[in-house]
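Observations on chain architecture
For reference, the chains in residue letters:
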Amino acid sequence: MNSAELVAWYERERRDLPWRDPSVSAWQILVSEFMLQQTPVVRVLPRWLEWVDRWPTPSATAAASPADILRAWGKLGYPRRAKRLHECAAVIATEHGDVVPDDVQTLLTLPGVGSYTARAIACFAYGQWVPVVDTNVRRVVARAVQGLADAGAPSATRDEAAVAALLPNDESTPTFSAALMELGAVVCTARSPRCGICPLSSCAWRSAGFPAGEAVPKRVQKYAGTDRQVRGRLLDVLRDSTTPVQRNALDVVWLTDPAQRDRALDSLLVDGLVEQTEDGRFALCGEGDDARGACGA
DNA sequence: AATGCGTGGCG
DNA sequence: TCGCCAAGCAT
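These numbers come from a predicted model, not from an experiment. (Residues numbered from 1 in each chain as written. Chains lettered and ligands numbered in written order. Predicted model: local features only at pLDDT ≥ 70, side-chain atom pairs only at ≥ 80, totals over all residues. Heavy atoms only, no water.)

Around DNA strand B, a shell composed of 19 residues is seen, among which Arg-43, Pro-79, Tyr-223, Arg-228 and Arg-231 lie nearest. Close to the protein, within 4 Å, the atoms of DNA strand B belong to sugar or phosphate groups at a rate of 56%. In this structure, a phosphate oxygen belonging to DNA strand B sits 3.4 Å away from a main-chain N or O atom of Pro-79. Tyr-223 places a side-chain nitrogen or oxygen 3.1 Å from a phosphate oxygen of DNA strand B. Listing elements by their share of the surface near DNA strand B, those giving two or more residues are helix H6 (80-95) and helix H13 (227-239). (Near = heavy atom within 4 Å. Polar contact = N/O pair within 3.5 Å; in protein donor to acceptor, adjacent residues only side chain to side chain. Helix = DSSP H or I, 4+ residues; strand = E, 2+ residues; numbered from the N terminus.)

Right, let's talk about the packing of helix H5 (residues 66-73) against H6 for a bit. Where H5 contacts H6, the axes come no closer than 9 Å and their chain directions differ by 130°. Of the possible angle classes, the one that applies to H5 and H6 is oblique. Crossing handedness for the pair H5 and H6: right-handed. Across the interface between the two elements, Pro-66, Ile-69, Leu-70 and Trp-73 of H5 pack against Arg-81, Ala-82, Leu-85 and His-86 of H6. A breakdown of the residues in the contact of H5 with H6 according to their chemical character gives six nonpolar, one polar and one charged. (Axes fitted to C-alpha atoms, helices over the stretch in contact; angles between N-to-C directions. Parallel < 35°, antiparallel > 145°, perpendicular 65-115°, else oblique. Left-handed = near helix turned anticlockwise from the far one by under 90°. Contact = heavy atoms within 4.5 Å. Nonpolar A, V, L, I, M, F, W, Y, C, P; charged D, E, K, R; others polar.)

Attention now moves to unusual backbone geometry. Backbone geometry at Gln-38 places phi at a positive 65°, although glycine is not the residue there. Topologically, Gln-38 is positioned in the loop between helix H2 (26-36) and helix H3 (41-54). By relative accessible area, Gln-38 is classed as exposed at 68%. Look at Asp-98: it is not a glycine, yet its phi comes out positive at around 70°. When its relative accessible area of 28% is taken as the criterion, Asp-98 is described as partly exposed. (Buried < 20%, exposed > 50% of the residue type's maximum accessible area, 1.4 Å probe, protein only.)

Here the focus is the packing of aromatic side chains. Taken as a whole, this structure holds four aromatic pairs when the rule is applied. Their ring planes at 85° and their centres at 5.9 Å tell us that Trp-51 and Trp-73 sit as a pair that is edge-to-face. Separated by 22 residues along the polypeptide, Trp-51 in helix H3 and Trp-73 in helix H5 bring together distant segments of the chain. Among the aromatic residues, ring-to-ring pairing joins Trp-51, Trp-55 and Trp-73 into one connected group. (Phe/Tyr/Trp six-rings, centres within 6.5 Å; stacked < 30°, edge-to-face > 60°.)

Taken together, 29 residues surround DNA strand C, and among them Leu-36, Gly-112, Thr-117, Asp-134 and Asn-136 come closest. Among atoms of DNA strand C positioned within 4 Å of the protein, sugar and phosphate together represent 67%. Interatomic distance of 2.9 Å between a backbone N/O atom of Gly-114 and a phosphate oxygen of DNA strand C. Between a phosphate oxygen of DNA strand C and a main-chain N or O atom of Ser-115, the distance comes to 3.5 Å.

A word on the domain arrangement of chain A. What the domain assignment lists for chain A is domain 1 (14-125) and domain 2 (227-289). With 11 residues of domain 1 in contact, the opposing surface of domain 2 contributes 15 residues. Surface buried jointly by domain 1 and domain 2 totals about 1100 Å² across both partners, of which 59% is contributed by carbon and sulfur atoms. Inspection of the region where domain 1 meets domain 2 yields three salt bridges. As a salt-bridge pair, Arg-71 and Glu-287 come within 2.6 Å of each other at their nearest N and O atoms. Contributions of two or more residues to the side of domain 1 that touches domain 2 are made by H5 and H6. No other element matches H5, which puts four residues into the side of domain 1 that touches domain 2. For the side of domain 1 that touches domain 2, the class distribution of residues is five nonpolar, two polar and four charged. (Domains from an automatic or database assignment. Buried area = accessible area lost by both parts, 1.4 Å probe. Salt bridge = Lys/Arg side-chain N within 4 Å of Asp/Glu carboxyl O.)

Pasting the structure below:
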C-alpha cells in the first residue's frame, strides 16, 4: 500500500471533525472514541460538542453524578459506555493525576478501553507508532492488501501485525492511521464501496476483479423485541424524570411480556445504571443527593 | 469464542 | 418493509 498517496488524499478530502482539531485534549479525544464505539459520526457530533464543553477534563467528568452523565449521553445507545466513561474519568483523576495515560498497556487497564480505543488514544492523542485497528481498517486491509471482499474473523494479534506492516516509520503514522480509517468510512465502505473515487493506485481486490466474499452468515443481532429494546424504553422514562418514578410508570413501556420487562429492569440495576429508592421507586443512579454512592459510582 | 449490549438511517 | 450497518467492550 502506498502510504503517501493515501495520506495525500486524506489531507485533501478528510472530514472536518471537531475531535481532529490539534487543540483538542487527550481526554476529549478519549471521549470521542468512547462515543464512536459502534455509533455513527453524525450522531456523535452534537453530543461530543456539548459534552466536552460541559466537562472538559477527567476530574470535571468524575465530579458529575451518574444521572447527569446518562442524560448527557442521551440516546447515543449502549449506555453502559457512559458509565464506563464516567468510571474511566474517576480512575484517571484519582490514579493518574488527571492526565490520560499515554501508553497502551496502562490505557488497557481503564474501564471501557479495549484494544482499539487504547491504540487510538496512544496514536491520535500522543502520536505514537502503534497499529490502530477498527472495523474500517480491517476491511480496507482485507481488500487493498489481501484481495478479499471482506475481513475475516477478528484476531487482535494478527490484525495488528498486518497493520503494523503497513505503518510508515515516520511522524506521519497518526495521519496514516486516520487516513486508513477515513478511507474505510467514506470510500471503501462495507456496502457499495465507491471504488471509482478511491485514491489507492494499487488494490489487490480490484486487481483480482472484485471477487465476491464467501457467503459467511455473520449473524445480525436482533433488536426489536429484545431485552435491549426494553432497557432502552425503561431508560427513556428515567432520563425524562428528575424524580424517582413508580414501578407502574415503568411497567407501561412493555406490557406484552412482564417477565421480560422485569428481567430488563433487573439488568439495569445490576449494571449500575438504575437504582431503587427505599420506598420502592426507581431512578437513574445518583439522581438524588443522598443517593450518590448507591451504585458504586 | 460467542453473545449481549441501543439507536436510527439507509437501500 | 426490514435487514444491514455504524471509530467495540466485557464476559
